[in-house]
Amino acid sequence: MAATSKRKLEELSVDEFLVSGFDSEDECENEEEEETTVSGNREVKRKTKLTAKTQAKNLKKVGKASEHKDQLSRLKQKDPEFYKFLEHNDRSLLNFDDSDSSDDEDSKIHTLPKHLEEASDEDDDDDDEEEEAAPKSKQSRDVIRVTEKMVEQWKEAVQNELSAKLFREIIQAFKAAVATTKGDGVDLGKYKVEDSSVFNALVSFCMRDLFVALQKMLQLKPDKDKKKLVLPSSSPRWQKAQINIKMYLAGLVQLLSCLTEASVVSAVLRHANQMVPYYLCLPKQCRHFLKQLITQWSTGKETVRVLAFLALNKICRHKQDVYLNPVLKQMYIAYVKNCKFTSPSVLPMINFMQRTLTEMYALDTHVSYQHSFIYIRQLAIHLRNAMTMKKKETYQSVYNWQYIHCLYLWCRVLSTLYPSDVLDPLIYPLTQVIVGCVKLVPTARYYPLRMHCVRALTLLSDSTKTFIPVVPFLLEVLQQVDFNKKPGRMSVRPINFAVVLKLSNANLQEKAFRDGLIEQLYDLILEYFHTQACSIGFPELALPAVIQLKAFLKECKVANYCKQIRQLLDKIQENSAHITSRRQKATFSVADRVAVEAWEKLTTEEGTPLTKYYSHWKKLREKEIQLEISGKERMEDLELPEIKRKKMQESKEGDKKEFKDLFESDSASEDESGGVKHKGKEKTGKKKGVSEDDDFLKDLSDMSDEDGEGESDEDDDSGEDSDDAGKRKKSKNSKNKAAKKLSQLDLKELAEGDEDLVEDLEFSDED
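Residues numbered from 1 in each chain as written. Predicted model: local features only at pLDDT ≥ 70, side-chain atom pairs only at ≥ 80, totals over all residues. Heavy atoms only, no water.

(A) The overall build of the protein, seen in detail. Of regular secondary structure, the protein possesses 36 helices and 2 strands. A buried classification covers 36% of the 767 residues belonging to the protein. In the protein, once contacts between residues fewer than 6 apart in sequence are set aside, the share between residues at least 24 apart is 71%. Total accessible area on the protein stands at roughly 49,000 Å², and carbon and sulfur atoms take up 51% of it. (Helix = DSSP H or I, 4+ residues; strand = E, 2+ residues; numbered from the N terminus. Buried < 20%, exposed > 50% of the residue type's maximum accessible area, 1.4 Å probe, protein only. Contact = heavy atoms within 4.5 Å. Areas by Shrake-Rupley, 256 points an atom, 1.4 Å probe, with all protein chains shown as cover.)

(B) A look at helix H10 (residues 164-179). With 16 residues, H10 should reach 22 Å at 1.5 Å per residue; the first-to-last C-alpha distance of 22 Å fits that figure. Counting buried positions along H10 yields 12 of 16 residues, so the element is predominantly enclosed. When H10 is considered as a whole, its buried residues turn out to be Leu166, Phe167, Glu169, Ile170, Ile171, Gln172, Ala173, Phe174, Ala176, Ala177, Val178 and Ala179. Contact partners of the buried residues in H10: helix H9 (148-160), strand E2 (191-192), helix H11 (196-217) and helix H12 (238-258). (Expected span 1.5 Å × (residues − 1).)

(C) Structural detail: the pattern of salt bridges. Within this structure, the stated rule accounts for 11 salt bridges. Of the charged contacts, one joins glutamate 519 and arginine 621 as a salt bridge, the two residues approaching to 2.9 Å between their closest N and O atoms. Of this pair, glutamate 519 sits in helix H26 (residues 511-531) while arginine 621 sits in helix H30 (residues 609-629), and the two are 102 residues apart along the sequence. What makes glutamate 519 partly exposed here is its relative accessible area of 22%. On the accessibility criterion, arginine 621 (11% relative accessible area) is buried. Arginine 593 is paired through a salt bridge with glutamate 597; the nearest N and O atoms lie 3.7 Å apart. Of this pair, arginine 593 and glutamate 597 both sit in helix H29 (residues 593-606), separated by 4 residues, roughly a single helical turn. According to the relative accessible area criterion, arginine 593 is exposed, its value standing at 63%. The network of salt bridges with shared partners includes Arg145, Lys192 and Glu194. (Salt bridge = Lys/Arg side-chain N within 4 Å of Asp/Glu carboxyl O.)

(D) Layout of the packing of aromatic side chains. Taken as a whole and assessed by the stated rule, the structure comprises 16 aromatic pairs. Where tyrosine 332 meets tryptophan 410, the ring centres are 5.5 Å apart and the plane angle is 35 degrees; that geometry is what we call tilted. Residue tyrosine 332 is located in helix H17 (residues 320-337), and its partner tryptophan 410 is located in helix H21 (residues 401-416); the two are separated by 78 residues in the primary sequence. Here tyrosine 332 and tryptophan 410 have matching classes, each one buried. Between the aromatic rings of phenylalanine 483 and tyrosine 561, the centroid separation amounts to 5.6 Å while the plane-to-plane angle is 75 degrees, which identifies the pairing as edge-to-face. Pair noted here: phenylalanine 483 is in the loop between helix H24 (471-480) and helix H25 (505-508) and tyrosine 561 is in helix H28 (residues 559-584), with a separation of 78 residues, a long-range link. You'll find phenylalanine 483 and tyrosine 561 in the same group, each marked buried. (Phe/Tyr/Trp six-rings, centres within 6.5 Å; stacked < 30°, edge-to-face > 60°.)

(E) Fine view of the nonpolar core. In terms of nonpolar packing, the biggest core is built from 170 residues, with Trp154, Ile245, Tyr248, Tyr278, Phe289, Trp297 and Leu517 touching the most fellow members. Top contributing element to this core by residue count: H11, with 12 residues. Not counting residues within four places of it along the chain, the set of residues in contact with tyrosine 278 comprises Phe211, Leu214, Gln215, Leu218, Leu220, Pro232, Trp238, Ile245 and Leu249. (Core = buried A, V, L, I, M, F, W, Y, C linked by side-chain atoms within 4.5 Å.)

(F) The arrangement of helix H19 (residues 365-389) in detail. Along its 25 residues, H19 runs 35 Å from first to last C-alpha, staying within 8% of the 36 Å computed at 1.5 Å per residue. Every buried residue of H19 is listed here: Val367, Ser368, His371, Ser372, Tyr375, Ile376, Leu379, Leu383 and Ala386. Of the surrounding secondary structure, the elements contacted by the buried residues of H19 are H17, helix H18 (347-361), helix H20 (392-398), H21 and helix H22 (427-440). The backbone nitrogen of histidine 366 has a side-chain oxygen 3.2 Å away, supplied by the residue at the start of H19, namely aspartate 364. Taken from the residues just after H19, lysine 390 is the one with a positive phi, measuring 55 degrees. (Polar contact = N/O pair within 3.5 Å; in protein donor to acceptor, adjacent residues only side chain to side chain.)

Written out as structure tokens, the structure reads:
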């Protein structure tokens, strides 16, 4: 037994193992160690018993396999026919081997090691320490709280010299400050910013001092040509500082996206404008920066928009081939999104976007042609669908603010970039689209939209020296609207045609509609003829307009409308006469184009009556528009007197002062109230009525005496009446001395008066 127990477990056969029991060499050794050890490891015993049980189970499985094989051999002797059947049909069942099951089971069953390792308490403690070390290692990485003192130390250190280590610490602190703007629990890294004063100090420090220190650290010197940027990638220290600079530039973009205060955004954008060379060296950060700049350019306040545009222009000028095309596309989309609604306060921002976007298109006319061709064609497709389908939805796709502002944008682009061999061919299709837009629904409700289209055509005609027949669209309005018809309703405020596309049926009945319409026609006709005022063919161009304006003056009976149209007609005729007189002195023929251009240029320099009048009128008109945009009413300039209404208490006090004689004394009020109060007594009522009538007659007699001598009989009667009234008054005062005093409430009721009581009183028989 001892010999077999000492043999290794692997060398034992199944039968020997079953005979010898389940003791193994390892168990014997473990038992001897357990007896010799002082502390006694009970845990080791438990583990060894578990391993022995699993081993016994595995051996039982192997024994079952061998028993199954013996059964098959006995089956051959007991039932040879069935054995032959199995041998013929299922050979694999008879070829059963111990290795077949044991191999499969061994792959699933854990095999015992040759020597078992003891598990001590120290190992358990080590495992526990390792498990606790994981959270402790995270906690051991203590987050440093940034203070204002630390920021001041960084400032002093940066002024001396910015090292790579110091720069990394500042960037990590800046990243932690920017992370607080997210509002979610993000791993802030090494530093943590909690106080708002520390946040402000850190951000302002980076905005003011970091750029200069970074330039010194990278040893970058400005180029002699100030227009040329010095890229930091040319520095030998760029590779080491690149990771930290990436982190800082990404933090700037994130900070821009989180800020809402316009002054703070402006400060960050000024600093970001300085950092443009660094963005140019990092394409990914530059794309994020451009996206944020376009957002600020289209939605921010005025100063923010300007700074964002300067940064956009700076980037696109220095890397046109990479960024210009996508930037133009995104800026146009942002422009369309943000001009959906128009108001007096929004209109200046839309005009700013038009002008700045025009400057961006001026950077490369070839790229601009591709964009303008695509988008003008898109506008034409919308117009064609509206003209062919004639549905409300298709009309609305054309008659909206986005469509009109896009038309005006392309008119401004083609006008500003003229002359350009690349863009000039787009003038004609754009003009056709605008004319088609005017003619789509030519009703009175869409007159404001017509005015916007005419203004765009006037700009295009003036800047590109192209003749566009604009005046017929304006003179048509004079023929369609009956200005002599009385307005159906009065309006409180004038209609601002600059921010309106469509009028309601109620607006068409108002007087303000016709007043504004005449004013708009006056402005637009004057502007168009001003653009052609120095043309040698001005008299012939103005002749149809002169004829129709004269016809309007004959039919119109409203003085205010006739006054404005007559003034406009006089200026046009005066300018025609001036051009005609100058043409008579010309010695060249009409076919001499060079001489005609020289003559027109000279006329422009000298000026015409219409151009002089227009310059003066334009200044006054701009002041009016500025007042409208700022929200001030025109009525403020008239200095009308204000009507101040008195309060109830003030009015009552004033009445008391005015009728002071009625409330001279309590006794008088008591006397008067006594007669009215006890109206049930006829005697007192009669006395009261008689005394009041006598006083009234006495007053009339006094007025007649002052005015002049009347009839003697009337004077005598009045004298007698006055004497009688005096006697009655004395008797009445003597009687009322013993009357009770009334309260203040009763006095107030009497002061307000019960007129019905006075009206019921009758005169005495003596009167």
